[in-house]
Amino acid sequence: MWMQLKNKVSTNIVAIFFFCFCFFSLAQDNDTSYKKRVLESTEIDLLFSYYDQEGQNAAVTGGEGTEELTDATSTIVVRIPLSEDEVLTVDAGISAYTSASSSNVNPFDGDINRLASPFSASSGASRQDVLAYFNPSYTHSSDDRNTILNAKAYVSNEYDYFSFGFGGGIAKLFNEKNTELSVNAQVFLDTWNPQYPIELRNGFFDSRITGNGVYAPNFSPFEKESRNSYSLSVSMSQILSKKLQGSVFVDIVSQNGLLSTPFQRVYFSDVSNFFIENFQLADDVERLPTSRFKLPVGGRLNYFVSDRFVVRTYYRFYNDNWGINSHTANIEVPVKLSDKFTLYPSYRYYTQTGADYFYEKETALSSTAFYTSDYDLSSYNAHQYGLGFRYKDIFTNAKVLKFGLKTLDLRLQNYDRSNGLNAFIVSFGSTFVAD
């Protein structure tokens, strides 16, 4: 299952001020006789993305099987100036996906003429889902624009997962707005509706089971079905010269609760194998510790080469107490073709060590305390190549109803992972400004 899909919709929202994060503010005119509005007029972003992936290491089927997945996401972001100093932003979206791997939570439903196999998809209900989310936020800037407060909330929902979050923060600008220090805090309170593999559910029986002996897995459902996440981010950005701008950040993340994914199978090396047709029945599901501590540290460095070229770089080091260490490096070089058109070629490299609890199929022992065959937690390298195209019209000459078209963005990205996962992403965005 594509892990980025696991978060979620309702309507009760609590926005609480915490210390938060704003990024790369540029120097402004400090004329006290006229206070420039933070946002002059309402802006609307319309965003769409399409994601397609392939692979042969599905966690749903114990690290072996099809990972085919497609996802289409539509998002609308509305920024409304409430006053000279205040902006309300509402971000809402729907993501619909179809997954061959998640269809095999129950590989025996759907097409009766299909032979059950981890390398083919069931046509049953578990093959698709819809995620919806609602994310409002509020910012307030001081009269001198040197202090920015922020509060936000998040609610999202899909079939087996509900998420509620809130947070906020503060950013302070110093040194004639050349230096910015910001702190951000956020809380997510999530709840699973566990969907276990069909063969591990109460009352399951199928006369087609084959194997040595009787299929009787030593399985027990998870007692705790909630997951809480707490994060604190601290960052500092600095204009170093007329052409150079940089920033550094550190995040502290703590999670506790049900951190395992209930529908991801595990197969043991010391337990007999049982099958229905070509599909191997689970020995258990993924079992991971109920706590996790993450510590990402990184920075950005942007260099203005000329009126036509800018070099943007990014690096992050990540460590957690599950044994994963990772490095991420990214470079993007916007090329300004004219006043209105810009190209954005980019490249991203990622590498990580495997988690202490990762085991390939049928290598874990049933006596082991924690185990997973999710290749997202394995050791691998990844390359991502991208090309973006932007159209910008500062005069918003093109009109749609009472809104002027400000920008159009098209981005294409290709992702290749050393353990066989490949993906393609296309995204399109547009920004409109009220007259």
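See the structure above.
Caption draft 1: Molecular detail of the overall build of the protein chain. When its secondary structure is counted, the protein chain shows one helix and 23 strands. For 435 residues, the compact-globule estimate of 2.2 N^0.38 gives 22 Å, and the protein chain sits close to it at 24 Å. C-alpha atoms of the protein chain, sized along the principal axes, occupy 85 × 40 × 40 Å. Approximately 21,400 Å² of the protein chain is accessible, and the part contributed by carbon and sulfur atoms is 57%.

Caption draft 2: The nonpolar core, seen in detail. In terms of nonpolar packing, the biggest core is built from 13 residues, with Leu 200, Tyr 215, Phe 219, Phe 222, Leu 281 and Val 285 touching the most fellow members. Excluding residues that lie within four positions of it along the chain, Phe 222 makes contacts with Tyr 196, Leu 258, Ser 260, Pro 262, Val 285, Glu 286 and Arg 287. Leu 69, Tyr 97, Tyr 350 and Ala 423 belong to the second-largest nonpolar core, a separate cluster that totals ten residues.

Caption draft 3: Seen up close, the sheet that holds strand 8 (residues 210-211). Taking strand neighbours across the sheet as the criterion, the three strands line up as 8-12-13 in an open arrangement whose pairing is antiparallel. Each having just a single partner strand, strand 8 and strand 13 (279-280) make up the two edges of the open sheet. Summarising the sheet, strand 8 and strand 12 (residues 274-276) pair through two bridges and their orientation is antiparallel. Residue pairing across strands places Gly 211 opposite Phe 274, the latter belonging to strand 12.

Caption draft 4: Structural detail: the packing of aromatic side chains. In the structure shown here, the tally under the stated rule is 18 aromatic pairs. Ring geometry for Phe 108 against Phe 279: centres 5.8 Å apart, planes inclined by 80°, an arrangement best described as edge-to-face. Here Phe 108, found in the loop between helix 1 (100-103) and strand 4 (128-141), pairs with Phe 279, found in strand 13; they are 171 residues apart in sequence, far enough to count as distant. On the basis of relative accessibility, which here comes to 21%, the residue Phe 108 falls in the partly exposed class. With relative accessibility at 0%, the residue Phe 279 sits in the buried group.

Caption draft 5: Local environment of the pattern of salt bridges. Counted by the stated rule, this structure contains 15 salt bridges. Of the charged contacts, one joins Glu 43 and Arg 79 as a salt bridge, the two residues approaching to 2.9 Å between their closest N and O atoms. Here Arg 79 lies in strand 2 (residues 69-81) and Glu 43 lies in strand 1 (residues 43-54), a separation of 36 residues in the sequence. Among the residues examined, Glu 43 registers a relative accessible area of 12% and is labelled buried. Two residues, Glu 332 and Arg 312, come together in a salt bridge whose shortest N-O distance is 3.1 Å.

About the thresholds
Residues numbered from 1 in each chain as written. Predicted model: local features only at pLDDT ≥ 70, side-chain atom pairs only at ≥ 80, totals over all residues. Heavy atoms only, no water. Helix = DSSP H or I, 4+ residues; strand = E, 2+ residues; numbered from the N terminus. Rg over C-alpha atoms; globule rule 2.2 N^0.38 Å. Areas by Shrake-Rupley, 256 points an atom, 1.4 Å probe, with all protein chains shown as cover. Core = buried A, V, L, I, M, F, W, Y, C linked by side-chain atoms within 4.5 Å. Buried < 20%, exposed > 50% of the residue type's maximum accessible area, 1.4 Å probe, protein only. Contact = heavy atoms within 4.5 Å. Pairing = 2+ DSSP bridges. Phe/Tyr/Trp six-rings, centres within 6.5 Å; stacked < 30°, edge-to-face > 60°. Salt bridge = Lys/Arg side-chain N within 4 Å of Asp/Glu carboxyl O.

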